[in-house]
Amino acid sequence: MIESPGVTVTRTGEQGAFGGELLTVNFGPHHPSTHGVLRLIVDLDGEQIKRVQPVIGYLHTGIEKQMEALRWQQGVVVTDRHDYLSPPINNLAYALAVEKLMGVEVPPRAQVLRVIMSELTRLSSHLVWMGTSGLELGAMSMLMYCFREREQIMDLNEEISGFRMHTSYIRPGGVFADSTPRFLEMLDKFVREMPGHIDEYEDLLTMNPIWRARTIGIGRLPAEDAKVLGATGPMLRGSGVAWDLRKSMPYSGYEDYDFEVAVSNDCDCYGRYLVRIKEMREAVKILRQALDRLPDGPVNVDDRKMLPPPREELETSMEAVIHHFKLFTEGYTVPAGDAYVAVESGRGENGCYIVSDGTHKPRRVKFRSASFVNLQALERMALNHMVADMIAIIGTADTVLGDVDR
Amino acid sequence: MGVEELVASLGDNVLTTTLGKVIGWGRGNSVWPAQFGLACCAIEMIAVATARLDIGRFGSEAMRASPRQADLMIVSGRVSQKMAPILRTVYDQMPEPKWVISMGACASTGGVFNNYALLQGVDKIVPVDVYIPGCPPRPEDLLNALMILQERIKARGIVTQS
Ligand code: SF4
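Residues numbered from 1 in each chain as written. Chains lettered and ligands numbered in written order. Predicted model: local features only at pLDDT ≥ 70, side-chain atom pairs only at ≥ 80, totals over all residues. Heavy atoms only, no water.

Undergrad: Mind laying out the overall build of chain A, listing which residues take part and the relevant values?
TA: When helices and strands are tallied, chain A shows 17 helices and nine strands. Radius of gyration (C-alpha) of chain A: 23 Å, near the 22 Å computed for a compact globule of 406 residues. Dimensions of chain A along its principal axes, counting C-alpha atoms only, are 85 × 50 × 35 Å. Looking at the 406 residues of chain A, the share that counts as buried comes to 58%. Taking as baseline every contact in chain A between residues at least 6 positions apart, the subset at least 24 positions apart corresponds to 68%. (Helix = DSSP H or I, 4+ residues; strand = E, 2+ residues; numbered from the N terminus. Rg over C-alpha atoms; globule rule 2.2 N^0.38 Å. Buried < 20%, exposed > 50% of the residue type's maximum accessible area, 1.4 Å probe, protein only. Contact = heavy atoms within 4.5 Å.)

Take a look at the structure:
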């Protein structure tokens, strides 16, 4: 068994600039504001941060290894659970990778439903980020407001997939089920109301003197550094680089939607906040367009070797029963080869690399998680800041530890 | 004031009970959870503290950042082998009497992850009072677990050691 971290403050013996000695302070892994179980070893000169060393692995779940033991269609369930704030986007990356190897194109209605679920997830992920970051910097009411709308998104998830968080809704070959009329009604209402709610958040934070004092100029990450460190998502766009996979490498029909890439040149925590607010507004815009254009038709590919036949067919066709049996006992095979697909999640480039040896199970699945790569920028952002700013900086990186450790 | 006068002034406003019941009532209605989020289930744990579900109705809205002030540990998510000793440390730091809710399939049994990385059930390292099924459980399930726990605490009264 691994030992508990133990002693939390040690002397380094190094001389600091203020006549004192540098101290090494342990931060986490059980710390109320680390967004999960992140552990940081921070060297402090007085209150100034001189070095930051993240220690990860406290939530290592063995997800990639687990997927090698599961059949292709079972893997979807596990993809939900690495970046647990954006399950449908993880599903999408995996589904697109599998479809790429199999050479399958999903029907238009499924494409639009996938976009709807992705944008809803982006919204809920940003809401959780804003609520918890607000809480950490003293704006307790943000959590209440943000979770009020998140609950609505959970209701939508539940209506369409039967489950609140880990929907497993997007699957290779299409989606789990067609949307219900009630879902579309609820979504329509949500899309109408959401802009007002976003205004409400802005009223609470954008000009709030405490929020501004704690985020403006804090956690600076110049564009050059952001690129070198491989940051993606709001971390990169907050530094003025307009790189959004939905625009630069479109998938699932994103090229047909009219939306802007949120960018801020502030390069600090405040800039990244503005980017996320803008992204939420754009997500609502995309949802509106998706609702308006939702075409009729099937939501799954018509391939009995990949997806089970509809219930009615089972009663009349022997062939359907055999397909059903085969699918649920051994699953489908994916042609040998490898594929990498990246999608834009609330945190950045969420990639999925799969290797198939032509059998019923993946040979290897690798996730390129945005949180893990963005975490590298932590030291660059925190350098020479006060230790209290560390909280704002960890918050702004919006890392999901499940996504970092997998 | 003499005893007769005191009794007369109280009138009907006297309740007799046992010490155990009073203590059980007090403890049961003020269970403070430690703020200890692990994985996906932790998000649902946060949801339970917000306006729609409002765990404050049951006297447990005070999520304590320090385990020294907490009575209840909600193990909200998967516990990896690396996290296990820390979880035990946090548990040991909590003062008696203390209770543990194992939230979700992962904390209870390892859930969908039957592999090298996860502790297959948190009850291997800490004693669990209530298990909640689900992946993640609904926030209502967590409230239900809390109510079950409250009933037990109240019934137990002054006795804390099982
Ligand atoms: S039980 Fe499910 S939701 Fe909870 S931590 Fe495990 S995988 Fe996540």
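The discussion continues.
Undergrad: How would you summarise the pattern of salt bridges if you had to cite specific residues and measurements?
TA: Residues and elements named next belong to chain A. Scanning all chains against the criterion turns up 42 salt bridges over all chains. When the shortest N-O distance is used, the salt bridge between Arg192 and Asp188 registers 3.1 Å. Taken as a pair, Arg192 and Asp188 lie in helix H6 (residues 181-205) at a separation of four residues, close to a single helical turn. For the salt bridge of Glu279 with Arg237, the shortest nitrogen-to-oxygen distance reads 2.4 Å. In this pair, Glu279 is assigned in helix H11 (residues 269-293) and Arg237 in helix H9 (residues 234-237), connecting sequence segments 42 residues apart. For the pair Glu279 and Arg237, a shared accessibility class is recorded, and that class is buried. (Salt bridge = Lys/Arg side-chain N within 4 Å of Asp/Glu carboxyl O.)

Undergrad: Could you give me a rundown of the side chain of Ser179 of chain A, with the residues and numbers involved?
TA: Here Ser179 of chain A is to be found in the loop between strand E6 (174-175) and H6. Among the polar contacts made by the side chain of Ser179 of chain A, one reaches the side chain of Arg109 of chain A at a distance of 3.1 Å. (Polar contact = N/O pair within 3.5 Å; in protein donor to acceptor, adjacent residues only side chain to side chain.)

Undergrad: Go over the domain arrangement of chain A with me, naming the residues and quoting the values.
TA: According to the domain assignment, chain A contains domain 1 (2-55) and domain 2 (63-368). Between domain 1 of chain A and domain 2 of chain A, the C-alpha centre-to-centre distance is 35 Å. (Domains from an automatic or database assignment.)

Undergrad: With reference to specific residues and values, describe the site of the ligand.
TA: Near the ligand, the surroundings consist of 14 residues, among which Cys40, Cys41, Gly77, Cys106 and Cys135 of chain B are the closest. Chains contributing residues near the ligand are chains A and B. Among the secondary structure elements, those contributing two or more residues to the shell around the ligand are helix H3 (40-49) and helix H5 (104-109) of chain B. Here the residues of the shell around the ligand sort into eight nonpolar, four polar and two charged. (Near = heavy atom within 4 Å. Nonpolar A, V, L, I, M, F, W, Y, C, P; charged D, E, K, R; others polar.)

Undergrad: A description of a nonpolar patch on the surface should follow, citing residues and the corresponding values.
TA: Where nonpolar side chains cluster on the molecular surface, the patch consists of Met318, Val321 and Ile322 of chain A and spans about 280 Å² of accessible area. With respect to the helices, strands and loops of the structure, Ile322 of chain A is situated in helix H13 (residues 318-329). (Patch = residues over 30% accessible without salt bridge, like charges linked within 9 Å, V, L, I, M, F, W, Y side chains within 5 Å. Areas by Shrake-Rupley, 256 points an atom, 1.4 Å probe, with all protein chains shown as cover.)

Undergrad: Describe in detail the sheet that holds strand E1 (residues 9-15) of chain A, supporting the description with residues and values.
TA: Residues and elements named next belong to chain A. Spatial ordering of the open sheet is given by E1-E2-E3-E4, a layout of four strands whose pairing is antiparallel. Unpaired on one side and paired on the other, E1 and strand E4 (48-55) mark the two borders of the sheet. With direction set aside, neighbouring strand axes in the sheet form an average angle of 25°. One ladder, built from seven bridges, connects strand E3 (residues 39-45) with E4; its direction is antiparallel. Opposite Leu44, over in E4, you have Ile49 as the bridge partner. Packing against the sheet, helix H16 (residues 389-397) makes contact with strand E2 (21-27), E3 and E4, and its axis sits at approximately 45° to E2. (Pairing = 2+ DSSP bridges. Axes fitted to C-alpha atoms, helices over the stretch in contact; angles between N-to-C directions.)

Undergrad: For the interface of chain B and chain A, give the residues involved together with the corresponding values.
TA: Counting from both sides, the interface comprises 38 residues of chain B and, opposite them, 41 residues of chain A. Our count for the contact surface shared by chain B and chain A stands at five salt bridges. Where Arg52 of chain B meets Asp155 of chain A, a salt bridge forms, and the shortest distance between an N and an O atom there is 2.6 Å. Our count for the contact surface shared by chain B and chain A stands at 14 residue pairs in polar contact (both at pLDDT 80 or more).

Undergrad: Kindly report on the sheet that holds strand E3 (residues 130-132) of chain B, identifying the contributing residues and their values.
TA: Residues and elements named next belong to chain B. Spatial ordering of the open sheet is given by E1-E2-E3, a layout of three strands whose pairing is parallel. Two strands in the sheet have a free side with no partner beyond their single neighbour: strand E1 (72-76) and E3. Strand-to-strand twist across the sheet, computed as the mean angle between neighbouring axes with direction ignored, equals 15°. Here three bridges tie strand E2 (residues 99-103) to E3, and the two strands are oriented parallel to one another. Within E3, the residue paired with Met103 across the bridge is Ile132.

Undergrad: So what about the packing of helix H4 (residues 108-136) of chain A against H16 of chain A? Which residues, and what values?
TA: Working note: a packed helix pair is described by the angle between its axes plus the distance between those axes. Residues and elements named next belong to chain A. Interhelical geometry of H4 versus H16 gives an angle of 180° and a closest axis separation of 10 Å. In terms of axis orientation, H4 runs roughly antiparallel to H16. The segment H4 lies against H16, with Trp129, Ser133 and Glu136 engaging Ile391, Gly395 and Thr396. In terms of residue class, the contact of H4 with H16 is made up of two nonpolar, three polar and one charged. (Parallel < 35°, antiparallel > 145°, perpendicular 65-115°, else oblique.)

Undergrad: Provide a residue-level description of the side chain of Thr61 of chain A, including the pertinent values.
TA: Within the secondary structure layout, Thr61 of chain A lies in the loop between E4 and helix H1 (63-68). A distance of 2.8 Å separates the side chain of Thr61 of chain A from the backbone oxygen of Leu59 of chain A, its partner in a polar contact. The contacts of Thr61 of chain A, once residues within four sequence positions are left out, are Arg406 of chain A together with Arg78, Phe113, Asn115, Ala117 and Leu118 of chain B.

Undergrad: Lay out the packing of helix H3 (residues 87-102) of chain A against H4 of chain A with the relevant residues and their values.
TA: Residue and element names in this part refer to chain A. Two elements in contact, H3 and H4, have axes whose closest approach is 8 Å; the angle formed by their N-to-C orientations is 145°. Taking contact as the criterion, the partners of Pro87, Pro88, Ile89, Leu92, Ala95, Leu96 and Glu99 in H3 are, on H4, Arg114, Met117, Ser118, Thr121 and Arg122. For the contact of H3 with H4, the per-class residue count stands at seven nonpolar, two polar and three charged.

Undergrad: Quick rundown of the nonpolar core? Include the residues and the values.
TA: Residues and elements named next belong to chain A. Judged by nonpolar contacts, the single largest core of 82 residues is most densely connected at Leu120, Met130, Leu187 and Ile354. Broken down by element, this core gets its largest block of residues, 11 residues, from H4. In this view, Ile354 contacts Trp72, Tyr94, Ala97, Val98, Leu101, Gly337, Asp338, Ala339, Arg364 and Val365; residues no more than four positions away in its chain are not counted. By size, the runner-up hydrophobic cluster in this structure holds 62 residues, among which are Leu40, Leu221, Met390 and Ala397. (Core = buried A, V, L, I, M, F, W, Y, C linked by side-chain atoms within 4.5 Å.)

Undergrad: I'd like a rundown of the pairing of E2 of chain B, residues and numbers included.
TA: All names here are of chain B. Where burial is concerned, most of E2 is hidden: five out of the five residues are buried. Side chains Trp99, Ile101 and Met103 of E2 all project onto a buried face; the interleaved residues Val100 and Ser102 project onto the opposite face, where all are buried too. Between the parallel pair E1 and E2, the chain is carried across by helix H4 (residues 84-93), and the sense of this crossover is right-handed. As for the winding sense of the linkage, the β-α-β connection from E2 through H5 to E3 is right-handed. (Right-handed = clockwise from strand over helix to strand, strands pointing away.)

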